[in-house]
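Fold and geometry: a report
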Amino acid sequence: MARGRGPTVTPHLTILLIYAAALMALGVWIGRRVRHSADFFVAGRRLGPFLLFATLLAANIGTGSTVGAAGLAYRDGLSVWWWVGSAGIGSLVLAFWVGPAVRRIAARHDLRTVGDYLELRYGQPVRVTIAALFWIATLSILAGQIVGMSRVLGAVTGLDFRAGCFVGGLVVTVYFAAGGLRTAAWVNVVQLVVLLAGFGLALPFGLAAAGGWGAITEATGAVPGYWSFWEGGGSGWFYVVMLGPAFVVSPGLLQKIYGARDDEAVRTGVGLNAAALLAFAIVPVLLGMMARTAFPDLEAPEQALPTLLRDALPPLLGGIGLAALFSAEVSSADAILFMLSTSLSQDLYRRVLDPGASESRVLAVARGAAAAGGAAGIALALVFQTIIGALSFFYTILTVSLFIPVLAGLYLRRVGMPEILGSIAAGVSVVVVLQVARGGQGVGAFTPAMIGLAAALAGCLAVRGIWAARRPKGASRP
């Protein structure tokens with residue numbers, strides 16, 4: 001295959017281009033029916049268990065849980081199960097405790113974003129603070145998804161990294177901007193079918209390319225910690241703390257739950273999503289191990305999965321596998337655009353800049369925000385250029401800034417705006433200091449997410465203590 005002389009037209013490329021065009025066409029066709037902001041934001045609150053399951057699972061199986069996880073497994077081994085497994089554990093909490101409670105509040109008060117919920121519970125300052133944080137942090141995860149799309153296109157065709165970022169970003173921006181959650185939910189069904197079929201095909205062919213299970217254990221048996229389930233290399237159980245809470249409080253996931261028709265749809269749809277994630281968690285691990293055995297001299301671990309799909313499968317099946325990988329990345333990217341566009345149009349434009357804006361005007365702003373977010377994500381992808389680095393920073397910020405506000409809002413009625421602002425300030429400040437001073441590394445056995453969560457809790461308790469000490473007896477809270 002030619003390298004460095006422009007893209008090569010292959011069966012793999014042909015299948016990917018046809019598939020990408022089909023996704024955009026389907027999105028635009030469905031988007032023609034979206035004329036009201038309620039359809040764009042919450043799909044008219046009509047999502048049943050199946051559509052909710054499909055759109056959540058398609059969003060959760062993205063670049064990080066495919067290209068990123070396989071690359072980690074190529075390097076670290078079995079303990080990488082916890083990367084995707086942590087998402088499944090967090091999703092169980094979302095399905096049976098947090099999700100139904102949040103859906104009822106959203107339906108009762110016609111909430112459309114997590115910012116709406118935070119303002120309802122704590123006031124406008126908390127909403128504006130979280131929105132500002134997420135306009136920055138969310139772009140980092142969008143960049144990670146676009147990097148993954150570019151890696152797939154580069155592995156298949158030799159396409160320049162920058163051109164791959166542009167193509168991948170364009171696909172997701174076009175179909176999502178057309179119709180928001182209503183479009184994404186139906187497009188995600190198609191993506192999920194292709195994704196599961198592709199990875200199902202990849203396993204037996206990848207095993208054959210590696211020479212069988214015995215060859216894998218022989219090639220990796222001497223690597224320290226490679227076959228430890230709990231911890232090996234830089235991966236292990238601690239991903240539960242780093243990633244699990246993010247899948248309980250992620251705005252993109254909570255706002256999809258806003259679109260559910262009732263609590264039973266939440267419990268069933270999100271619960272099935274959790275079960276699927278727990279089962280799927282082993283798939284990228286096995287594929288990464290197979291790639292290490294079949295292709296031991298890759299320049300970068302993140303090349304493991306695209307290389308395996310391209311070189312271990314027959315061209316037609318390899319094209320389907322690469323389409324599955326592309327599906328995973330695009331479906332997660334549309335969830336990120338969902339967070340960006342709804343937050344910018346609802347939390348900033350409608351709430352602060354133009355409270356009297358019509359539904360059609362808000363819808364136009366949301367579509368414009370999606371286009372702007374896609375462009376910004378492409379630009380940041382050119383800066384980050386690695387998937388795990390971009391995603392790790394996002395998940396950590398997400399966890400330390402939202403975990404306490406969302407859960408305290410549901411279950412601790414005496415916690416108010418001062419404590420939450422203190423929590424956000426303390427948690428995010430510590431994470432930023434660790435990012436600058438230690439390159440995003442933790443301290444000893446404690447990850448940045450663990451330290452940031454502890455700081456967020458300490459900030460909440462400290463402000464509560466200060467307020468209690470200074471408040472005159474009998475005075476009410478702000």
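On a predicted model such as this, the values are computed, not experimentally measured, just so you know.

**Here's the deal with the overall build of the protein chain**
Tallying secondary structure elements over the protein chain gives 20 helices and 2 strands in all. Going through the 478 residues of the protein chain one by one, you find that 59% of them count as buried. Taking as baseline every contact in the protein chain between residues at least 6 positions apart, the subset at least 24 positions apart corresponds to 84%. A total accessible area of about 17,600 Å² is found for the protein chain, and carbon and sulfur atoms account for 67% of it.

**Some words on the side chain of serine 235**
When you line up the elements, serine 235 lands in strand β2 (residues 235-236). There is a polar contact of 2.9 Å between the side chain of serine 235 and the side chain of tyrosine 239. With residues near it in sequence (within four places) discarded, serine 235 still touches Leu72, Arg75, Asp76, Ser79, Val80 and Trp230.

**Quick notes on the confidence of the model for the protein chain**
Residues of the protein chain with pLDDT of at least 70 account for 86%, and the chain-wide mean is 83. Predicted confidence for residues 1-5 stays below pLDDT 50, and this span has 11 contacts to residues more than four positions away or in other chains.

**Considering empty space enclosed by the protein**
Summed over all chains, the structure comprises 2 cavities of 30 Å³ or more. Lining the largest cavity are 25 residues; nearest its centre among them are Ala59, Asn60, Ile141, Phe247 and Tyr395. Among the elements of the structure, α3 (49-60), α4 (64-76), α5 (81-109), α7 (124-157), α11 (246-249), α12 (251-258), α16 (315-353) and α18 (387-411) are those that each provide at least two residues to the lining of the largest cavity. Here the lining of the largest cavity is built from residues that sort into 16 nonpolar, 9 polar and no charged.

**Focus: helix α15 (residues 304-311)**
Counting buried residues along α15, 7 of its 8 residues qualify, which places the element largely inside the surrounding structure. Among the residues making up α15, those that are buried are Ala304, Leu305, Pro306, Thr307, Leu308, Leu309 and Arg310.

**A look at the pattern of salt bridges**
Summed over all chains, the structure comprises 10 salt bridges. Measuring nitrogen to oxygen at the nearest pair gives 3.9 Å for the salt bridge that ties arginine 112 to aspartate 110. A salt bridge links arginine 310 to aspartate 311; the shortest N-O distance between them is 2.7 Å. What makes arginine 310 buried here is its relative accessible area of 15%. Residue classification places aspartate 311 among the partly exposed residues on the basis of a relative accessible area of 42%. One salt-bridge network, held together by shared partners, links Arg45, Asp110 and Arg112.

**Let's talk about the packing of aromatic side chains**
If you walk through the whole model with that rule in mind, you get 12 aromatic pairs. Ring plane angle 90° and centroid distance 5.0 Å describe the contact between tryptophan 83 and tyrosine 239, whose orientation is recorded as edge-to-face. Of this pair, tryptophan 83 sits in helix α5 while tyrosine 239 is found in helix α10 (residues 239-243), placing the two residues 156 residues apart along the sequence. Each member of the pair, tryptophan 83 as well as tyrosine 239, carries the same accessibility label: buried. Taking 6.3 Å as the distance between ring centres and 70° as the angle between the ring planes, the aromatic pair formed by tyrosine 226 and tryptophan 227 counts as edge-to-face. The class for tryptophan 227 is partly exposed, based on a relative accessible area of 32%.

**Remarks on the environment of alanine 455**
By the secondary structure assignment, alanine 455 is in helix α20 (residues 448-470). Judged by relative accessible area, alanine 455 falls into the buried class, the value being 15%. In this structure the C-alpha to C-alpha distance between alanine 455 and valine 431, which are 24 residues apart in sequence, comes to 9.2 Å. With sequence-adjacent residues up to four places away left out, alanine 455 is seen in contact with Ala426, Gly427 and Val430.

**Regarding the nonpolar core**
Trp83, Phe199, Phe326 and Leu402 are the most contacted members of the largest nonpolar core, which totals 128 residues. Examining the composition of this core, we find that 13 residues originate from one element, α7, more than from any other.

**Overview of the environment of valine 443**
Here valine 443 is to be found in the loop between α19 (417-438) and α20. Each residue touching valine 443, except ones within four places of it in the same chain, is listed here: Leu434, Arg438 and Ile451.

Calculation rules
- Residues numbered from 1 in each chain as written.
- Predicted model: local features only at pLDDT ≥ 70, side-chain atom pairs only at ≥ 80, totals over all residues.
- Heavy atoms only, no water.
- Helix = DSSP H or I, 4+ residues; strand = E, 2+ residues; numbered from the N terminus.
- Buried < 20%, exposed > 50% of the residue type's maximum accessible area, 1.4 Å probe, protein only.
- Contact = heavy atoms within 4.5 Å.
- Areas by Shrake-Rupley, 256 points an atom, 1.4 Å probe, with all protein chains shown as cover.
- Polar contact = N/O pair within 3.5 Å; in protein donor to acceptor, adjacent residues only side chain to side chain.
- pLDDT = per-residue confidence, 0-100.
- 1 Å grid on protein atoms, 1.4 Å probe; cavity = no way out; pocket = protein on both sides within 12 Å on 5 of 7 lines; lining within 4 Å.
- Points joined across faces, edges and corners; volume = space filled by probe spheres on them.
- Nonpolar A, V, L, I, M, F, W, Y, C, P; charged D, E, K, R; others polar.
- Salt bridge = Lys/Arg side-chain N within 4 Å of Asp/Glu carboxyl O.
- Phe/Tyr/Trp six-rings, centres within 6.5 Å; stacked < 30°, edge-to-face > 60°.
- Core = buried A, V, L, I, M, F, W, Y, C linked by side-chain atoms within 4.5 Å.

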